[in-house]
Amino acid sequence: MRKNSTKFIILTIIAIVFILLYAFYNIQGGFGYAFPRRLVRVAAMIVTGIAIAYSTIMFQTITRNRILTPSVMGIDSMYEVVQTVIYFVLGSASIFVVNHYLNFGVAIIAMIIFALILYRFLFRADKHPIYLLLLAGMIIGTLLGSLVSFLQVIIDPVEYLSLQTRLFASFNNVKTELLYVSLVILGGCFIYGGRMLRDLDVMSLGRDTAMNLGVNYDKIVLRVLVLSSILIATSTALVGPITFLGLIVSNLAYQYIVTYKHSLLIAGASLISIIALVGGQFLVQHVFHLNTTISVIINFIGGIYFIYLLLKESRAAG
Amino acid sequence: MIEIKGVSKLFGKKPVVENVTVTIHPKKITSFIGPNGAGKSTLLSMVSRLLDSDTGEVLLDKSNVKKMKSVDFAKRVAILKQSNFLNVRLTIRELVSFGRYPYSKGRLNAEDEKHVDQALEYMNLTDMQDKYLDELSGGQKQRAFISMVIAQDTEYILLDEPLNNLDMKHSVQIMKILRKLVDELDKTVIIVLHDINFASVYSDRIVALKDGRVVKDGPTNEIINSAALKEVYDMHIPVQEQDGCRICVYFNSHS
């Protein structure tokens, strides 16, 4: 087995190669025009990749499950609900659509509030086990999804087209202003979450053992839920929902980097995530000539991987 | 000293532990015994703060354990529960090092390493400290977890059925180590046991529970006799002396 430091060097090199390829390959129509635009997209992919990897790994530790991700709590669906409701009620000419900051802010706040209500409602009533929370999240996610479909069916078709571009993840129309906000949010999450990583290491030993070792388990769970919501909200608002990315990168990280240390797991998953996004986007632009979007590719591969993981788990259980 | 005062716990509407008052004597091994569903593990979980009690309080040197800071509590009381399923891959040494978490927060200093070495030595794990837990037998794994609790270096060590799934040799080994912890290192051990003979031979005091209530509480020799055991288990249990130990011979008894 290779040493972890070697694996990190390999991952970093691959990530850098893809970033350089993406930034410089086949630049046409003037370097000064295309290059800054490519840089913005690469930066958006790095932010998104790290946010999704970070939130998924933390989330999977507190739920002690490697198959469920924050989108299971219905957070992604909440993004779609917010956007659909805005388009439906206010129309695409509304300030909440035209002003990206405002749109971003409303989406993030709604998603955090949603996660907190879900948490408070389920945790404060009586201490329910976490799988109940996940089950509720799944059902609520489905409910929100149906609500979105319903509104989309009766919405004005022109509005619908404009809404659709917002709901499909696309690195081709990243809003530069939002990128700076995301960078600040990501930085804040790193400072806030960095102190919890060692507690999370202990929490991977289970609730009882972690509490025995003096970790304030329930408090950390709450913090992780808030942090995950913020991160997922940020990445979703920036480039739209990419449901299966977190699942793929976290599980590849667990398989490739064998450790209990969250600092290493998150770093590894982030690198894999950047490779998947930048590499995937490179393929979308230069092989598929923009005939598809990266979320379609990732959800296709991720869906197959998800089924593989489910089959593997059920075989291990049986 | 740990004092359990009027503690109750309901699961739904069903009381699992009802108004239990027990004082744990320091520097002794106290065994919790009783039939299945008597509330032994639940009581242990409440003493160690893994579960909140619905009424009553648990006092550690006169202060309510619920009001203590998690880290401070973890330096004084350690608990090991029955099931220790892990979904991370760890070596024995890494696991035992986690026992130092309340002190070091993951950054081990020389003092911490010394405690880890000693804990491994105590459980005879030094030679295999770099083996992964998933390569170990049940007994070795159990010893690794107990070693972690020893590295935690607390005055109180609480163990929930540590002999589950262990053969006779390993069970005796673990009970002897607990005895050593109490006699040599002045620890206080509370242990939930199913096998009353282990309780009889190795513990100083016994608390017998039944249907969530304390039926007997006292020194071992006052509890291990047919009359007292009849009250706890509802069966006739003949007790015989063997080399100064009281052994319960219940295998062929008529209730």
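Parameters and conventions
- Residues numbered from 1 in each chain as written.
- Chains lettered and ligands numbered in written order.
- Predicted model: local features only at pLDDT ≥ 70, side-chain atom pairs only at ≥ 80, totals over all residues.
- Helix = DSSP H or I, 4+ residues; strand = E, 2+ residues; numbered from the N terminus.
- Expected span 1.5 Å × (residues − 1).
- Buried ≥ 20, exposed ≤ 12 C-beta atoms within 10 Å, placed from the backbone.
- Arc of directions from axis to C-beta.
- Contact = placed C-beta atoms within 7 Å.
- Pairing = 2+ DSSP bridges.
- Axes fitted to C-alpha atoms, helices over the stretch in contact; angles between N-to-C directions.
- Nonpolar A, V, L, I, M, F, W, Y, C, P; charged D, E, K, R; others polar.
- Left-handed = near helix turned anticlockwise from the far one by under 90°.

Draft legend 1. Layout of helix 1 (residues 4–24) of chain A. Residues and elements named next belong to chain A. For helix 1, with 21 residues, the first-to-last C-alpha span of 30 Å sits near the 30 Å given by 1.5 Å per residue. Within the span of helix 1, buried status applies to Leu11, Ala15, Phe18, Ile19 and Tyr22. Viewed along the axis of helix 1, the buried residues span an arc of 100°, placing them on a single side of the element. For helix 1, the exposed residues lying more than 90 degrees away from the buried face are Ser5, Thr6, Ile9, Ile13, Leu20 and Phe24. Packed against the buried residues of helix 1 are helix 2 (31–63) and helix 13 (262–286). Of the residues trailing helix 1, asparagine 26 is marked for its positive phi of about 50°.

Draft legend 2. Representation of the sheet that holds strand 7 (residues 156–160) of chain B in the model. Residue and element names in this part refer to chain B. Across the sheet, which stays open at both edges, the 6 strands sit in the order 6-7-8-3-9-10 with mixed pairing between neighbours. Because the sheet does not close on itself, it has two edges, and the strands there are strand 6 (77–80) and strand 10 (213–219). Each strand axis lies, on average, 15° off the axis of its neighbour in the sheet, ignoring direction. Two strands pair when backbone bridges link them, and strand 6 and strand 7 are joined in this way by 4 bridges, in the parallel orientation. Residue pairing for strand 7: leucine 80 is matched across the bridge by leucine 159. Running at roughly 155° to strand 10, helix 10 (residues 226–233) makes contact with strand 9 (205–210) and strand 10 of the sheet.

Draft legend 3. Summary view of the interface of chain A and chain B. Taken together, the 15 residues of chain A in the interface contact 20 residues of chain B. Counting residues per element, the ones that place at least two in the side of chain A that touches chain B are helix 9 (197–203) and helix 10 (207–212) of chain A. Looking at the side of chain A that touches chain B residue by residue, the classes come out as 7 nonpolar, 4 polar and 4 charged.

Draft legend 4. Expanded view of the sheet that holds strand 1 (residues 2–11) of chain B. All names here are of chain B. Here we have 4 strands laid out as an open sheet, ordered 2-1-4-5, and antiparallel in their pairing. The outermost strands of the open sheet, each flanked by one partner alone, are strand 2 (14–24) and strand 5 (63–64). In the sheet, strand 1 pairs with strand 4 (residues 55–60) via 5 bridges, with the strands oriented antiparallel. Residue pairing in the sheet places isoleucine 2 in a bridge with leucine 60 of strand 4.

Draft legend 5. Fine view of the pairing of strand 3 (residues 29–33) of chain B. Residue and element names in this part refer to chain B. Of all 5 residues that make up strand 3, 5 are buried, and the element is covered over most of its length. Of the two faces of strand 3, the one carrying Ile29, Ser31 and Ile33 and the one carrying Thr30 and Phe32 are both buried. Sheet topology places strand 3 next to strand 8 (residues 188–192); 4 bridges connect them, and they run parallel. Paired with isoleucine 29 across the bridge in strand 8 is valine 189. In this sheet, strand 9 lies alongside strand 3 in parallel orientation, the contact comprising 4 bridges. Residue threonine 30 lies in a different strand from strand 9, and its bridge partner there is arginine 205.

Draft legend 6. Spotlight on the packing of helix 2 of chain A against helix 8 (residues 176–194) of chain A. Residues and elements named next belong to chain A. Helix 8 packs onto helix 2 with a crossing angle of 35° between their chain directions and a minimal axis gap of 10 Å. Two packed elements cross with a definite hand, and for helix 2 against helix 8 that hand is left-handed. Contact with helix 2, carried on its side by Val40, Ala43, Ala44, Val47, Ile50 and Ala51, involves Thr176, Leu179, Ser182, Leu183 and Leu186 of helix 8 and no other residues of that element.

Just geometry here; none of it tells us what the structure is for.
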